Amino acid sequence: MAKRSNEPILWVLFSAGGVVAAFLIPVLLFLLFLAFPLGWIESPSYTGLLGLVRLPITRVVLFILCFFSLFHWAHRFRYTLYDGLQIKHLNQLIFPFCYGGALVGSVLAGYILWNMG
Amino acid sequence: MSGARQDPAYTEFRPRWYRAHVSTWWWMGRWSYLKFILREISSVFVAWFVAELLLALTALSSGPQDYAGFQEFLRDPVVVAVNLISLFFVTFHAITWFNLAPKAMAVRVGGKRIPDLWIAGPNYLAWAGVSAIVAWFLLRA
């Protein structure tokens, strides 16, 4: 039997990540990391924000966002290194760095979000 | 050397392959190539956003003082610059992603491919809707 490639699974993760990142990151980045701290828009209170993040649904959404976005990064960045810098011969380094990084980041995100409850 | 190789396909002596040299900067030459690389690089800013989000959540859960400290960090000019560049790239990612959707989903109705706008349009509307909902939840928090 021919060896099954794991590429389709990685591609599905990349693709799902592309969708959640496209829908959610621009608005979150703009509000949380630019408009609120810089005072362009009045920031929600600390307790209000904490209350929102503590809701299970928020934490599930944030985890999905982190998980898929990180695997989206892993896949795309891997091919950026292959095609942009033409260093495909370093695959044994690049592959674990990208997907391993995404995995570590996802576990970290899960740990942080779980403990916020 | 007595035993001759049975399979000539595996000889160690093969002609040198012809490989055209491609410069590392091949993507600088044409706008469509540059756009491709910019789109690929947007993934770095997606990862940066996740890292920043995790920092924000950590600060948020460790108390008002740490959270205020994180807000101060976000006001650092270098961080503001990085976040402005990130905003450009994640928006670029979103736009190129939605523009790609019609090419990935070639829907045919009555043997004819429906216009790209019929697929990209609802994606843009959904993007606006989702952004509005997220903003509404954050602003009333």
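Predicted model, so just to flag it, every value in this text is computed and none were measured. Numbers given to residues run from 1 along each chain, matching the order in which its sequence is written. Numbering of ligands from 1 and lettering of chains from A proceed in the order in which they are written. Local features are withheld for residues below a pLDDT of 70 in this predicted model, meaning they are given only at 70 or higher, and side-chain atom pairs are given and counted only at 80 or more; totals for whole chains, interfaces and linings count all residues.

Caption draft 1: Inspection of the overall build of chain B at higher detail. The way it works is that DSSP assigns letters per residue, a run of H or I at least four long becomes a helix, a run of E at least two long becomes a strand, and they are numbered from the N terminus. Each helix and strand counted, chain B has four helices and two strands in total. The contact criterion used here is simple: two residues whose C-beta atoms, placed from the backbone, lie within 7 Å are in contact. Relative to all contacts within chain B whose residues are 6 or more apart in sequence, the contacts with residues 24 or more apart total 44%.

Caption draft 2: Examining the overall build of chain A more closely. The helix and strand tally for chain A stands at four helices and zero strands. Here the radius of gyration uses the C-alpha set of atoms, whereas the globule reference equals 2.2 Å times the residue count to the power 0.38. In terms of C-alpha radius of gyration, chain A reaches 17 Å, well past the compact-globule figure of 13 Å for 117 residues. Over its C-alpha atoms, taken along the principal directions, chain A stretches across nearly 55 × 30 × 20 Å. Residue pairs at least 24 apart in sequence account for 78% of intrachain contacts in chain A once pairs closer than 6 positions are excluded.

Caption draft 3: Quick look at the interface of chain A and chain B. Facing the 44 residues of chain A at the interface are 44 residues of chain B. Mapped by element, the contributors of at least two residues to the side of chain A that touches chain B are helix H1 (7-35), helix H2 (46-54), helix H3 (56-84) and helix H4 (91-114) of chain A. The greatest single-element share of the side of chain A that touches chain B, amounting to 15 residues, is contributed by H1(A). Looking at the side of chain A that touches chain B residue by residue, the class counts come to 33 nonpolar, ten polar and one charged. Each residue gets one of three labels, nonpolar for Ala, Val, Leu, Ile, Met, Phe, Trp, Tyr, Cys and Pro, charged for Asp, Glu, Lys and Arg, and polar for the others, Gly among them.

Caption draft 4: Fine view of helix H1 (residues 31-61) of chain B. With 31 residues, H1(B) extends 45 Å from end C-alpha to end C-alpha; this agrees with the ideal 45 Å at 1.5 Å per step. Just past H1(B), the residue Gly63(B) takes up positive phi, approximately 120°. Every helix has an expected span of 1.5 Å times one less than the residues it contains.

Caption draft 5: Here's a closer look at the confidence of the model for chain B. Residue and element names in this part refer to chain B. As a per-residue measure, pLDDT reflects the predictor's confidence and takes values from 0 up to 100. For chain B, per-residue confidence averages 89 on the pLDDT scale, and residues scoring 70 or more make up 89% of the total. Ranking the elements of chain B by mean pLDDT puts strand S1 (residues 108-109) last with 85 and helix H2 (residues 64-74) first with 97. Here the complex is predicted with pTM 0.88, and the ipTM for its interfaces comes to 0.94.

Caption draft 6: Layout of unusual backbone geometry. The backbone of Gln86(A) sits at a positive phi, close to 55°, despite the residue not being glycine. Inspection of the secondary structure assignment puts Gln86(A) in the loop between H3 and H4.

Caption draft 7: Region of interest: the packing of H3(A) against H1(B). As a packed pair, H3(A) and H1(B) sit with axes 8 Å apart at the nearest point and diverge in direction by 145°. Crossing hand, H3(A) versus H1(B): left-handed. From H3(A), Cys66(A), Ser69(A), Leu70(A), His72(A), Trp73(A), Arg76(A), Phe77(A), Tyr79(A), Thr80(A) and Gly84(A) reach across to H1(B), where they touch Ile37(B), Glu40(B), Ile41(B), Ser43(B), Val44(B), Val46(B), Ala47(B), Val50(B) and Leu53(B). Here the contact of H3(A) with H1(B) is built from residues that sort into twelve nonpolar, five polar and two charged. Orientation is described by lines fitted to C-alpha atoms, with helices fitted over the stretch in contact, and by angles between N-to-C directions that extend from 0 to 180 degrees. Crossing chirality is assigned from the near helix's rotation relative to the far helix, an anticlockwise turn below a right angle marking it left-handed and a clockwise turn marking it right-handed.

Caption draft 8: Spatial organisation of the nonpolar core. Core analysis: the biggest nonpolar cluster contains 44 residues, and Ile25(A), Leu29(A), Cys66(A), Leu70(A), Val46(B), Phe49(B) and Val90(B) have the highest contact counts within it. Elements that contribute at least two residues to this core include exactly H1, H3 and H4 of chain A together with H1 and helix H3 (77-104) of chain B. Broken down by element, the residue count for this core peaks at twelve residues, all from H1(A). In this structure, Val90(B) is in contact with Ala21(A), Ile25(A), Pro26(A), Leu29(A), Ser42(B), Phe45(B), Val46(B) and Phe49(B), ignoring residues within four places of it in sequence. A set of buried residues qualifies as a nonpolar core if it consists of Ala, Val, Leu, Ile, Met, Phe, Trp, Tyr and Cys joined through C-beta atoms within 7 Å. Counting other C-beta atoms within 10 Å of each residue's C-beta, where C-beta atoms are placed from the backbone, gives the exposure class: buried for 20 or more, exposed for 12 or fewer, partly exposed between.

Caption draft 9: Local environment of the environment of Ala109(A). Note on placement: Ala109(A) falls in helix H4. In the structure, Ala109(A) is positioned 92 residues away from Gly17(A) in sequence and 15 Å away in space, judged by C-alpha atoms.

Caption draft 10: Region of the structure containing the packing of H3(A) against H4(A). Residues and elements named next belong to chain A. At a minimum axis distance of 9 Å, the contact between H3 and H4 shows a crossing angle of 170°. Comparing the axis directions of H3 and H4 gives the class roughly antiparallel. Of the residues in H4, those touching H3 at Arg59, Leu62, Phe63, Cys66, Phe67, Leu70, Phe71, Trp73, Ala74, Phe77, Arg78 and Leu81 are Ile94, Phe95, Cys98, Tyr99, Gly101, Ala102, Gly105, Ser106, Ala109, Gly110 and Leu113. Oblique is the label for any angle not covered by the other classes, which are roughly parallel (under 35 degrees), roughly antiparallel (over 145) and roughly perpendicular (65 to 115).

Caption draft 11: Molecular detail of the environment of Thr24(B). Mapped onto the secondary structure, Thr24(B) falls in the segment before H1. Given 10 C-beta atoms within a 10 Å radius, Thr24(B) is considered exposed. Excluding residues within four positions of it along the chain, Thr24(B) makes contact with Leu85(A) and Gln86(A).

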